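Summary of structural features
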Amino acid sequence: MSIVFFSIVVWIAAWALNVKLANGTASGTRLVKVIVPTLFGLTLLLVWEMLVRGLNVPLVILPPPSLVIDTMADNLAILWKDFVQTFLKGALRGYLIGCSAAILTAFLVDRFDFLSRGLLPVGNFIAALPIIGTAPILVMWFGFDWQSKAAVVVVMVFFPMLVNTVAGLRETTAMQRDLMHTYAARPAQSFLKLRLPAAMPFMFNGLKISTTLALIGAIVAEFFGSPVVGMGFRISASVGQLALDMVWAEIVVAALAGSAFYGVVAIIEKGVTFWHPSQRGS
Amino acid sequence: MTQKLLPILTVILALLAAWYVAVVPMNIKSALTTAERAGADVVPAGAKERRDLSTIGLVAKNSFAIPATFSQDRPRLPAPHQVASELWKTTVEKKITSKRSLVFHAWITLSATLLGFAIGTGMGILLAVGIVHSRAMDMSVMPWAIASQTIPILAIAPMIIVVLNSVGIQGLLPKAFISAYLSFFPVVVGMVKGLRSPDRMQLDLLKTYNSSALQSLLKLRLPASLPYLFASLKIGIAASLVGAIVGELPTGAVRGLGARLLAGSYYGQTVQIWSALFMAAIVAASLVALVGLIQRLTLKKMGMS
């Protein structure tokens, strides 16, 4: 019981420190901005660890973080294989195919005002639907291996990406287009120099949304059938064996992969749309 | 009206036409096998010979079998009218208490969605209010809330179901929990933005009125945040539905739209999968439209739109 009491003390102490840091004179500095959330996260993990140990929570309900880390260290080879199967083969390939297909379609559609006026509402509508439900159909069509996972990802990222690109290409004002006209710019030139750069913030918005969708699609599609490797397969199989430490290990991998994927796209965005107000810093 | 409607209708018609065209090559192989068994002349003969041939070539050589591709029992890709008639049969012609009624299954999923959505939205608004009023909370929690949106949260759905199951919580609540989790973060992020949307001048004005923090929250921050809230609610309710559907997958649930998807994929009942999928789409569209309607009415009444 003392360990439970101790965990409450740790929580209060860490929170008091955070309050002091956040309201202190140094609260605007970069260092404090990193320290406060890190401290909060670490406290959360520590309290989780102590509560699970102190209250003797069964492992099949909630494993302590230390056990999850142990499991990760012991099963690095398995986790890496699952990561390759689900992320590199399924999610990443589907993401690349889906996003480039959507961008190309958007470029084609953009040439016809009639089509883009029709496609925007329809695409917006489809983007709000539970597309993940197509997973069983696509698994049936493309088999159990990564091809079907990539197909689910393609379908999931296609419409958000399409809608964002089409909306972005319509973003220029009449003034800007007129200016290009007075420069006697050919359609291709005004597309490359004006409309494509203007669409970039929208396209990156779509690309960032799609990173999360891609991982979700690849993992959930494995619940409908997969070879005996992959993050979704490992999660559903380990849940069946009540090996929750392995499930948590896969979730940590998924979280790291998702954040890294998003981060990479955000860094590319920073380089490409450096001129946009949202990227110029405060 | 025609200005807006005509392009939309054209796109929908084009999609339907593409679907019908795709049905022929998708189903041609099994249609030819059936036709051959019935005694028709198929070029080339034997399902084995045809296995690796291109489907479009097969269609060209065996054009007599095209009508059959639209009316199979278990097609690889059912034609739109097959899905529509299955939808009609399982919604209108069945009693809604029947286990074969899609309305029944949709209600199971919808109830979990709505309960989870209510929990997630409520918690999200509470946390957002806390974040706006406490600097320490803002700095500790907000980076995690934003980072968590890049994480495939849906992956933990099976675990939540099984863990809650093992402590004796079954049925509606575990699914609602996943729905709540998925709608929680969009609401937090949107509401924090919304509660911060009043500008300095407005906040200063309330200060000169000597209003308490609670009063400025109720009279300025909350009303000002409504447009942001509704934008997040639309995302949140769609996410909630996805959460409820995925929540039905891992336990092999027998009721709900996710269960229909799973059962359909086990038994190769493609028409059933597609009709469950369309039912899910209809539910999602109605929910988003409903939120949109409430948004319009509320904002109009408040003079914000």
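Values in this document were obtained by computation on a predicted structure and should not be read as measured data.

Reading the values: rules and limits
Residues numbered from 1 in each chain as written. Chains lettered and ligands numbered in written order. Predicted model: local features only at pLDDT ≥ 70, side-chain atom pairs only at ≥ 80, totals over all residues. Heavy atoms only, no water. Contact = heavy atoms within 4.5 Å. Buried area = accessible area lost by both parts, 1.4 Å probe. Salt bridge = Lys/Arg side-chain N within 4 Å of Asp/Glu carboxyl O. Polar contact = N/O pair within 3.5 Å; in protein donor to acceptor, adjacent residues only side chain to side chain. Helix = DSSP H or I, 4+ residues; strand = E, 2+ residues; numbered from the N terminus. Nonpolar A, V, L, I, M, F, W, Y, C, P; charged D, E, K, R; others polar. Core = buried A, V, L, I, M, F, W, Y, C linked by side-chain atoms within 4.5 Å. Buried < 20%, exposed > 50% of the residue type's maximum accessible area, 1.4 Å probe, protein only. 1 Å grid on protein atoms, 1.4 Å probe; cavity = no way out; pocket = protein on both sides within 12 Å on 5 of 7 lines; lining within 4 Å. Points joined across faces, edges and corners; volume = space filled by probe spheres on them. Expected span 1.5 Å × (residues − 1). Patch = residues over 30% accessible without salt bridge, like charges linked within 9 Å, V, L, I, M, F, W, Y side chains within 5 Å. Areas by Shrake-Rupley, 256 points an atom, 1.4 Å probe, with all protein chains shown as cover. Lys, Arg positive; Asp, Glu negative; His and termini not counted. Charge placed at Lys NZ, Arg CZ, Asp CG, Glu CD. Domains from an automatic or database assignment.

**Some thoughts on the interface of chain A and chain B**
With 52 residues of chain A at the contact, the number on the chain B side is 51 residues. When chain A packs against chain B, the two sides together hide about 4,200 Å² of surface, and 84% of this comes from carbon and sulfur. Counting across the interface, chain A meets chain B through 0 salt bridges. Where chain A packs against chain B, one counts 3 residue pairs in polar contact (both at pLDDT 80 or more). Of all the elements in the fold, those that place two or more residues in the side of chain A that touches chain B are α1 (2-23), α2 (30-54), α5 (113-127), α6 (135-142), α9 (187-222), α10 (231-240) and α11 (244-272) of chain A. The residue inventory of the side of chain A that touches chain B, partitioned by class, reads 40 nonpolar, 10 polar and 2 charged.

**Let's talk about the nonpolar core**
In this structure, Leu162, Ile219 and Val220 of chain A together with Met159 and Val246 of chain B are the most contacted members of the largest nonpolar core, which totals 142 residues. Sequence-distant contacts of Met159 of chain B, defined by excluding residues within four places in its chain, comprise Val239, Leu244, Val247, Trp248 and Ile251 of chain A. Counting residues in each nonpolar core, the second largest holds 5 residues, with Val32 and Val36 of chain A together with Ala136 and Met139 of chain B among its members.

**Some thoughts on the environment of Phe107 of chain A**
Residues and elements named next belong to chain A. Position of Phe107 among the secondary structure elements: in helix α4 (residues 76-110). C-alpha separation for the pair Phe107 and Ser2, spaced 105 residues apart in sequence, amounts to 65 Å. Setting aside anything within four residues of it in sequence, one finds Phe107 in contact with Thr165, Leu169, Phe191 and Leu196.

**Side note on the environment of Val19 of chain A**
In this structure, Val19 of chain A sits in helix α1. For the pair formed by Val19 of chain A and Val36 of chain A, sequence separation is 17 residues and the distance between their alpha carbons is 8.9 Å.

**Remarks on the layout of surface pockets**
The volume enclosed by the largest pocket comes to roughly 2,000 Å³. Considering the residues around the largest pocket, the lining is formed by 46 residues, among which Ile209 and Leu213 of chain A together with Gln149, Pro186 and Ile235 of chain B are closest to the centre. It is helix α11 (residues 213-247) of chain B that provides the largest number of residues to the lining of the largest pocket, a total of 8 residues. For the lining of the largest pocket, the per-class residue count stands at 34 nonpolar, 9 polar and 3 charged.

**What to know about unusual backbone geometry**
Residues and elements named next belong to chain A. Here Ala184, not a glycine, exhibits a phi torsion of approximately 60°, which is positive. Here Ala184 shows up in the loop between α8 (174-182) and α9. On the accessibility criterion, Ala184 (61% relative accessible area) is exposed. You will see that Leu242, though not glycine, has its phi angle at about 60°, which is positive.

**Considering α2 of chain A**
Between its first and last C-alpha atoms α2 of chain A spans 36 Å; for 25 residues at 1.5 Å apiece the expected length is 36 Å, and the two agree. Of the residues making up α2 of chain A, those classed as buried are Val32, Val36, Pro37, Phe40, Gly41, Thr43, Val47, Glu49, Met50, Val52 and Gly54 of chain A. On the buried face of α2 of chain A, the contacting elements are α1 and α3 (65-74) of chain A together with α7 (135-147) of chain B. Looking one or two residues beyond α2 of chain A, the residue adopting positive phi is Asn56 of chain A, at roughly 55°.

**Remarks on a positive patch on the surface**
On the surface, Arg30, Lys33 and Lys270 of chain A together with Arg135 of chain B cluster together to form a positively charged patch. You can see Lys33 of chain A is positioned in helix α2.

**Overview of the domain arrangement of chain B**
All names here are of chain B. Per the domain assignment, the segments making up chain B are domain 1 (2-77) and domain 2 (102-301). A C-alpha centroid distance of 41 Å is found between domain 1 and domain 2. Taken together, the contacts link 6 residues of domain 1 with 7 residues of domain 2. Each partner contributes to the roughly 470 Å² buried at the junction of domain 1 and domain 2, and carbon and sulfur atoms together form 56% of this total. The tally of links between domain 1 and domain 2 comes to 0 salt bridges. Looking at side-chain class alone, the side of domain 1 that touches domain 2 contains 3 nonpolar, no polar and 3 charged residues.

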